[in-house]
Amino acid sequence: VAHFMARAADDRGPVRYRATLEWRGLTVMGSSFPFSNAVWSAPVTFYSKRPLPRRMPAGRYQFCITAWDQAANRARSCALYRIR
């Protein structure tokens, strides 16, 4: 099961997330989450619903989080995720 952590916050209200796992620019897994209040000091934890399929090629992937608020301000950040 894949395990990821991210931080996001907005000083004016709730934040919505979209989490993706990307390989060579293609999204291989992704999920969106509803608006919720977020605090920078409390990271958000994401888990895959199932173990990653063994057919996924070994190599470098990117885990990306896109967060936006109700005013449609948006930010995206990615981190390397290696599958062996």
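Below is a short write-up of the structure. Counting from 1, residues in each chain are numbered in the order their sequence is written. Where local features are concerned, this predicted model is filtered to residues with pLDDT of at least 70; where side-chain atom pairs are given and counted, the filter is 80 or more; whole-chain, interface and lining totals use all residues. The basis for every side-chain value is the complete set of non-hydrogen atoms in the structure, without hydrogens or water.

**Observations concerning the nonpolar core**
So, step 1. For this analysis, a nonpolar core means a set of buried residues of the types Ala, Val, Leu, Ile, Met, Phe, Trp, Tyr and Cys, connected via side-chain atoms within 4.5 Å. Exposure categories follow from relative accessible area, calculated using a 1.4 Å probe and restricted to protein chains: below 20% of the type maximum is buried, above 50% is exposed, and the middle band is partly exposed. In terms of nonpolar packing, the biggest core is built from 16 residues, with Phe4, Val15, Tyr17, Leu21, Phe46, Phe63 and Ile65 touching the most fellow members.
So, step 2. Taken together, the elements giving at least two residues each to this core come down to β1 (3-6), β2 (15-23) and β5 (59-69).
So, step 3. Residues within four places of Phe46 in sequence aside, it is in contact with Ala2, His3, Phe4, Ala6, Tyr17, Ala19, Phe33, Phe63 and Ile65. Here a strand is any run of E in DSSP of at least two residues, a helix any run of H or I of at least four, and the numbering for each starts at the N terminus. The contact criterion used is simple: two residues touch if any of their non-hydrogen atoms lie within 4.5 Å.

**Some details on the layout of surface pockets**
So, step 1. The volume enclosed by the largest pocket comes to roughly 350 Å³.
So, step 2. If you trace the largest pocket, you find 17 residues lining it, with Met29, Gly30, Tyr47, Ser48 and Lys49 closest to the centre.
So, step 3. Listed by contribution, the elements that provide at least two residues to the lining of the largest pocket are β2, β3 (26-36) and β4 (44-47).
So, step 4. Of the residues forming the lining of the largest pocket, the biggest block, four residues, is contributed by β3.
So, step 5. If you go around the second largest pocket, you meet 16 residues; those closest to its centre are Arg7, Ala8, Ala67, Ala75 and Arg76.
So, step 6. Put simply, the parts of the chain that give the lining of the second largest pocket at least two residues each are β5 and β6 (74-83). Buriedness of a pocket was judged along seven lines, with at least five required to meet protein on both sides within 12 Å; pockets are open sets of points on a 1 Å grid over the protein atoms alone, cavities are sets where a 1.4 Å probe fits but cannot get out, and lining residues have an atom within 4 Å of a point. Grid points are joined across faces, edges and corners, and a volume is the space filled by probe spheres set on the points.

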